[in-house]
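This is what each chain is made of:
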Amino acid sequence: MWRVFLEVPLNDIAKIDAPLVIETLKRWKKSKKQELKEMDFIIHHALRTLVKQGDEDALSMLGYGKTPPIEVKDVRLHTPSVRVGEALEFEVEIVALDDAMLMVDYILHFQTKAGKLSPKVHKLKKFKLAEGESIVLKKKHPFRANMTTRTLYAGEHLLEVQINGSIVYRETFELKE
């Protein structure tokens, strides 16, 4: 059994049994058998899927609180209609009410051939804000024709902004051919 456990990446095991991976990583970190830098790499690599899912325990292990002391001042979707070959443009303004470690992701829900939405999580920025500081994050996400990884279908898509695993903004936009 252990041989299989060691040959299967922890990130894959996290998809089946998240608590097992969290407890294993905590135990390994506590043992101090790895150098700190090496252990941090293992933890970040093993928790990728759980972080994208907004798993509270995984985010906590990385130092991100589920409800950070922030105010999302403004979110603007600059391109409510995008053509294939153009870019979706948006920005988000965040103000820290107290010191905060933040992981900001954006999730694009792509229209599928069957007419359903399929989410894809993208990293925007990981950073720390001190009390009273603010930041405006801007993003241009290109919708390239002829991608090898995804076929783009016209129709209504969805943009979500996620901070420390919690959705703080949600808006639809139209993708045109």
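The structure under discussion appears in the preceding block.
What you see is a predicted model; the values in this text were computed from it and never measured.

Rules behind the numbers
Residues numbered from 1 in each chain as written. Predicted model: local features only at pLDDT ≥ 70, side-chain atom pairs only at ≥ 80, totals over all residues. Heavy atoms only, no water. Pairing = 2+ DSSP bridges. Helix = DSSP H or I, 4+ residues; strand = E, 2+ residues; numbered from the N terminus. Axes fitted to C-alpha atoms, helices over the stretch in contact; angles between N-to-C directions. Patch = residues over 30% accessible without salt bridge, like charges linked within 9 Å, V, L, I, M, F, W, Y side chains within 5 Å. Areas by Shrake-Rupley, 256 points an atom, 1.4 Å probe, with all protein chains shown as cover. Salt bridge = Lys/Arg side-chain N within 4 Å of Asp/Glu carboxyl O. Lys, Arg positive; Asp, Glu negative; His and termini not counted. Charge placed at Lys NZ, Arg CZ, Asp CG, Glu CD. Buried < 20%, exposed > 50% of the residue type's maximum accessible area, 1.4 Å probe, protein only. Expected span 1.5 Å × (residues − 1). Arc of directions from axis to C-beta. Contact = heavy atoms within 4.5 Å.

Draft legend 1. Just the sheet that holds strand 5 (residues 117–129), in detail. The 5 strands lie next to each other as 2-8-7-4-5, forming an open sheet whose pairing is mixed. Edge strands, defined here as strands with exactly one partner in the open sheet, are strand 2 (81–83) and strand 5. Here the strands of the sheet are splayed against their neighbours by 25° on average, with no regard to which way each runs. As paired elements, strand 4 (residues 100–111) and strand 5 share 12 bridges and run antiparallel to each other. Each bridged residue has a counterpart across the sheet, and for Met103 the counterpart in strand 5 is Lys126.

Draft legend 2. Main features of a negative patch on the surface. The grouping of Asp98, Asp99, Glu131 and Glu133 at the surface amounts to a negative patch. What makes Asp98 partly exposed here is its relative accessible area of 39%.

Draft legend 3. Up close: helix 3 (residues 18–31). With 14 residues, helix 3 extends 20 Å between its outermost C-alpha atoms, agreeing within 8% with the 20 Å of an ideal straight helix rising 1.5 Å per residue. For helix 3, the complete set of buried residues consists of Ala18, Val21, Ile22, Thr24 and Leu25. Within helix 3, the buried residues cover an arc of 165° as seen down the axis, which keeps them to one side. Projecting away from the buried face of helix 3 at angles above 90 degrees are the exposed residues Pro19 and Lys30. In the segment just after helix 3, Lys32 is the residue with positive phi, at about 55°.

Draft legend 4. Spatial organisation of helix 4 (residues 36–46). Buried residues of helix 4: Met39, Ile43 and Ala46, and no others. Looking straight down helix 4, one finds that the buried residues subtend no more than 75° of arc, so they occupy a single side. Turned more than 90 degrees away from the buried face of helix 4 sit Lys37 and Phe41, all of them exposed. On its buried face, helix 4 sits against helix 2 (10–14), helix 3, helix 5 (48–52) and helix 6 (56–61).

Read these as spatial facts, not as claims about activity.
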